[in-house]
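This is what each chain is made of:
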Amino acid sequence: MATQKSIWVLNGPNLNLLGEREPGIYGSKSLADIEQRCRDTATKAQFDLEFRQSNHEGELVAWIQEARTVAAGLAINAGAYTHTSVAVHDALRLLDIPIVEVHLSNIFAREEFRHKSYISAAATGVVCGFGPMSYVLAIDALTAQMDL
Ligand code: DQA
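Note that residues are indexed from 1 along each chain, following the sequence as it is written. Local features in a predicted model are, by the rule used here, given only for residues with pLDDT of at least 70; side-chain atom pairs are given and counted only at 80 or more, and totals for whole chains, interfaces and linings are based on all residues. Water and hydrogen atoms play no part in the side-chain values, which are based on all heavy atoms of the structure.

**Q** Any chance you could explain a nonpolar patch on the surface here in plain terms?
**A** On the surface, Phe130, Met133 and Leu137 cluster together into a nonpolar patch covering about 270 Å² of accessible area. What counts as a helix is a DSSP run of H or I of at least four residues, what counts as a strand is a run of E of at least two, and both are numbered from the N terminus. With respect to the element layout, phenylalanine 130 can be found in the loop between β5 (125-128) and α5 (133-147). Partly exposed residues are those whose accessible area sits between 20% and 50% of the maximum for their type, while under 20% is buried and over 50% is exposed, using a 1.4 Å probe and protein chains only. When its relative accessible area of 51% is taken as the criterion, phenylalanine 130 is described as exposed. Every patch collects residues that have over 30% relative accessible area and no salt bridge, joining them within 9 Å if they carry like charges and within 5 Å if they are nonpolar side chains (Val, Leu, Ile, Met, Phe, Trp, Tyr). Each accessible area value is a Shrake-Rupley result obtained with a 1.4 Å probe; residue values ignore everything except the protein chains displayed when judging cover. Think of a salt bridge as a Lys or Arg side-chain nitrogen and an Asp or Glu carboxyl oxygen that are within 4 Å of each other.

**Q** Is there a simple way to think about unusual backbone geometry in this case?
**A** With glycine set apart, most residues show a phi of negative sign, and most peptide bonds adopt trans. Unlike most non-glycine residues, asparagine 14 shows phi in positive territory, near 75 degrees. Mapped onto the elements, asparagine 14 comes out in the loop between β1 (6-11) and α1 (23-26).

**Q** Looking at this structure, I do not really get the site of the ligand. What am I missing?
**A** In the neighbourhood of the ligand, the contacting residues comprise Arg21, Tyr26, Asn77, Gly79, Ala80, His83, His103, Leu104, Ser105, Ile107, Arg110 and Arg114. Any pair of N or O atoms that falls within 3.5 Å is considered a polar contact. Within protein, one atom must be able to donate a hydrogen and the other to accept it, and sequence-neighbouring residues count only if both atoms are side-chain atoms. Within the side chain of arginine 21, an N or O atom sits 3.0 Å from an oxygen atom of the ligand. At 2.6 Å, a side-chain N or O of serine 105 approaches an oxygen atom of the ligand. The fraction of the free accessible surface of the ligand (320 Å²) that becomes covered by protein chains is 99%. Looking at the shell around the ligand residue by residue, the classes come out as four nonpolar, five polar and three charged. Proximity is defined per residue: if any heavy atom of the residue lies within 4 Å of a molecule or strand, that residue is considered near it. Three categories are distinguished: nonpolar for Ala, Val, Leu, Ile, Met, Phe, Trp, Tyr, Cys and Pro, charged for Asp, Glu, Lys and Arg, and polar for the others, with Gly belonging to the last.

**Q** Explain the nonpolar core to me, please; I cannot follow it from the model alone.
**A** Side chains that are nonpolar tend, in soluble globular proteins, to be buried together. Each nonpolar core is a collection of buried residues, namely Ala, Val, Leu, Ile, Met, Phe, Trp, Tyr and Cys, held together in the definition by side-chain atoms within 4.5 Å. Counting residues in each nonpolar core, the largest one holds 22 residues, and the members touching the most others are Val9, Leu49, Phe51 and Tyr135. Residue assignment for this core shows that the elements contributing at least two residues are β1, α2 (31-44), β2 (48-53), β3 (71-77), β4 (99-103) and α5. Counting 21 residues, the second largest nonpolar core, distinct from the first, contains Val61, Trp63, Ile76 and Ile119.

**Q** Is there a simple way to explain the packing of aromatic side chains in this structure?
**A** Between the rings of Phe, Tyr and Trp (Trp by its six-membered ring), a pair exists once the centres lie within 6.5 Å; its type follows the angle of the planes, with under 30 degrees stacked, over 60 edge-to-face, and the other angles tilted. Across all of its chains, the model carries zero aromatic pairs by this definition. Its guanidinium or amino end placed over the ring of phenylalanine 47, lysine 5 lies 4.0 Å from that ring's centre, counting from NZ or CZ. Positioned above the aromatic ring of tyrosine 118, the side-chain terminus of lysine 116 is 4.7 Å from the ring centre. By definition here, charges over rings are those cases where NZ of Lys or CZ of Arg is within 6 Å of the ring centre and within 35 degrees of the ring normal.

Here it is, written out as structure tokens:
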């Protein structure tokens, strides 16, 4: 059950196949492994965790809108929608809570089309390139923001 003391972590397309998907880039850990690390990190900071994944842009938009009323902070790895989605950008701009953009890989060290993010301008900050640790750092950053 989501509460005001919830951190939300949203994941976009193809991240359900982590562990099988291009392991040379994304590593061997599954999304369930990453969820567990996020849960441990949030629990230590005394936050609940809401962790979701969708392959559908509209579902991500609906979840961002849902987070608006119940989340204390949001981390989002929008996957490929990072580079295409004005709808996700606009939804994030509705939120008045800390937002961290997350990527497993260093998108700036990859193909040119990954260098553009529609998420960054709507986020408080960005963590990328540290594999599953990117998620842990994002949650640490969110809880640090809330302490300010
Ligand atoms: C990603 C990077 C994106 O460019 C890509 O489309 C993904 C994963 C990452 O976590 O490194 O799906 O967001």
